[in-house]
Amino acid sequence: MTHSQKVLPESVRVLVVGAGFAGIGAVSRILDDDPNADVVVIERADDVGGTWRDNTYPGCACDVPTSLYSFSFAPSPDWTHTFARQPEIHRYLRGVVDALGLQGRIFTGCELISAKWDSANSRWAVETSLGSLTAHVLVAATGALSTPKLPNVPGIEKFAGTMFHSATWNHDHDLTDQRVAVIGTGASAVQFVPEIVDRTARLTVFQRTPAWVVPRLDRTLGKLEKAMYRRFPSTQKAVRGFIYGYREAYVSALAHHPGVLPLVSNVAKLHLRRQVKNPVTRAALTPDFMLGCKRMLLSNDWLKTLDRDDVDLVDSGLTEITENAVVDAHGNSYPVDTIIFATGFTPTEPPVSHAIQGSDGRTLAERWGGSPNAYRGTTVHGFPNLFLMYGPNTNLGHSSIVYMLESQANYLVSALRQMREQRIEAVDVSEHAQQQYNSWIHDSLSGTVWNAGGCSSWYLDSEGRNPVMWPTYTFTFRNSTRTFETSDYALTPAGKSAQL
Ligand SMILES: Cc1cc2nc3c(=O)[nH]c(=O)nc-3n(C[C@H](O)[C@H](O)[C@H](O)COP(=O)(O)OP(=O)(O)OC[C@H]3O[C@@H](n4cnc5c(N)ncnc54)[C@H](O)[C@@H]3O)c2cc1C
């Protein structure tokens, strides 16, 4: 898929930035509602897929069952496993783009450099790596987990071996017989460490905080099951509904009744006891916070990998990197040839927030000051006609982000329809509505395991606020994004000749 045959238009009604689940979902819904909509997508990479294009590390897979972690409007009977692997999810997203004929609207290799709101013309003035354009409505579908974060470790620039982040895996680098350090023990590390351990000469895993780990109940989907889904799509819909339902039940515990959580942590403790025989390693892998506070991890082989004799688990923290070693907090030096950072992303400081400038000339990042917030996770006062996908407080610890993205796409489509029908040129959420909404979000989060579970996690910003998690059931979000309420917004009427 290339941009070579296409020319970026000079102006467009809706510009979507990013072609992951969010961007593809948004453009699909817009066209479903209005097949003649003037909408294009720009994507900085040379292919669609977002997370599932970039994260190619060994073992990469989703950790929400794929029947739910996929578009409701594009079910696939072809998944090979309950938890699909990365290449399959990437293929699926490409397939959706092809099936819906979206290629002609997607400009790959086109990065958003800046977008400034032009109040006089009620348009976004956009600079991209392929030129300038204006857009009436801007949809930032740039992902919360799309820009890898590297830790600021003294000496990192001196390291003479090979270093890379799990999200930009270096497939040209052979790990055979290498001494490898893995920094971080989150959702990516638990997937790739068991996959590489048999190749490495020695593996040293640096852990800041242990996570609760439960078995991944994965299985392959047989021919019969797939044939049934193909022949009777309602059966797959029913499975999706069942998974959705039992996943929502987790919210009762995580957000409303944390007293129930020890029942699940007992399962995790048993899993740990079964897989780790070394008592020192087992102690180091036992969390001292409530289950769910950090993302609960699913794995059948992570814990037993850390119990191997050729694997070191270092839980004292990483203090320095030298030319050929990593050094822990006790001053112990571990000679290594390769360092793999599994240190996550930058959800509270998304790079796109520095590129988007609102009506008072401030960027989103300046407005947020390190703690993002939005109205219904989607709109921000002072940034008219801007819609954020996977925006502040839309992340989940228990269910599919795709469900949240589809809810946001509904909200966007409802806004576009009302702007068209009521001849509104610009919508700007009121400061009051945004503040009230955020007070509710943060009051609701205060008793949840994500805020009060006794851990430090990427859900919390430097002030201890939680700009990341959705505080309650996902159907509450679905209901609140069903209709765009114009009463929450300052509206600029359109001139008679304006094309909406
Ligand atoms: C390894 C991994 C596993 C995950 N597993 C799950 C899971 O099991 N279940 C779940 O619900 N969620 C999971 N997630 C979260 C996942 O990110 C979301 O589910 C979903 O993929 C987000 O889609 P998105 O389109 O919002 O973002 P992304 O998939 O990150 O896509 C954003 C796109 O925007 C593009 N972009 C960014 N900036 C610019 C710019 N300036 N100009 C142009 N283009 C730009 C990027 O190149 C990218 O293609 C996982 C995340 C990771 C990293």
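Residues numbered from 1 in each chain as written. Predicted model: local features only at pLDDT ≥ 70, side-chain atom pairs only at ≥ 80, totals over all residues. Heavy atoms only, no water.

Draft legend 1. Spatial organisation of the state of the cysteines. One pass over the structure, following the stated rule, counts one disulfide. Put simply, Cys293 and Cys455 are joined by a disulfide, and their sulfur atoms are 2.0 Å apart. As the torsion about the S-S bond is roughly -95 degrees, the Cys293-Cys455 disulfide counts as left-handed. On the criterion of sequence distance, the pair formed by Cys293 in the loop between helix 8 (279–284) and strand 11 (297–298) and Cys455 in the loop between helix 14 (449–452) and helix 15 (474–480) is long-range, its members being 162 residues apart. Note on accessibility: Cys293 and Cys455 belong to one class, buried. The closest cysteine sulfur to the non-disulfide-bonded Cys60 is located on Cys62, 8.8 Å from its own sulfur. Looking at Cys60, the relative accessible area reads 6%, which means it is buried. (Disulfide = S-S within 2.5 Å. Helix = DSSP H or I, 4+ residues; strand = E, 2+ residues; numbered from the N terminus. Buried < 20%, exposed > 50% of the residue type's maximum accessible area, 1.4 Å probe, protein only.)

Draft legend 2. Expanded view of helix 13 (residues 431–446). Here helix 13 spans 22 Å end to end across 16 residues, near enough to the 22 Å set by a 1.5 Å rise per residue. Along helix 13, the residues classified as buried are Ala433, Gln434, Tyr437, Asn438, Ile441, His442 and Leu445. In a view along the axis of helix 13, the buried residues occupy a sector of 155 degrees, so they form one face of it. What points out from helix 13, more than 90 degrees from its buried face, is the exposed set His432, Gln435, Gln436 and Asp443. Buried residues along helix 13 sit in contact with helix 11 (364–368), strand 19 (424–429), helix 14 and helix 15. (Expected span 1.5 Å × (residues − 1). Arc of directions from axis to C-beta. Contact = heavy atoms within 4.5 Å.)

Draft legend 3. The arrangement of the packing of helix 1 (residues 21–33) against helix 12 (residues 401–421) in detail. Packing of helix 1 against helix 12 brings their axes to within 9 Å, and their N-to-C directions diverge by 40 degrees. Between helix 1 and helix 12, the crossing angle belongs to the class labelled oblique. The chirality of how helix 1 crosses helix 12 is right-handed. Contacts from Phe21, Ala22, Gly25, Ala26, Arg29, Ile30 and Asp33 in helix 1 reach Val402, Leu405, Ala409, Asn410, Leu412, Val413, Leu416, Arg417 and Arg420 in helix 12. For the contact of helix 1 with helix 12, the per-class residue count stands at 10 nonpolar, two polar and four charged. (Axes fitted to C-alpha atoms, helices over the stretch in contact; angles between N-to-C directions. Parallel < 35°, antiparallel > 145°, perpendicular 65-115°, else oblique. Left-handed = near helix turned anticlockwise from the far one by under 90°. Nonpolar A, V, L, I, M, F, W, Y, C, P; charged D, E, K, R; others polar.)

Draft legend 4. Quick look at the site of the ligand. Taken together, 31 residues surround the ligand, and among them Glu43, Thr51, Asp63, Tyr69 and Ile401 come closest. Take Thr51: an N or O atom from its main chain is 2.7 Å from an oxygen atom of the ligand. Separating an oxygen atom of the ligand from a backbone N or O atom of Ile401 is a distance of 2.8 Å. Burial of the ligand by the protein amounts to 94% of the accessible area it has alone, namely 990 Å². (Near = heavy atom within 4 Å. Polar contact = N/O pair within 3.5 Å; in protein donor to acceptor, adjacent residues only side chain to side chain. Areas by Shrake-Rupley, 256 points an atom, 1.4 Å probe, with all protein chains shown as cover.)

Nothing here speaks to function; it is geometry throughout.
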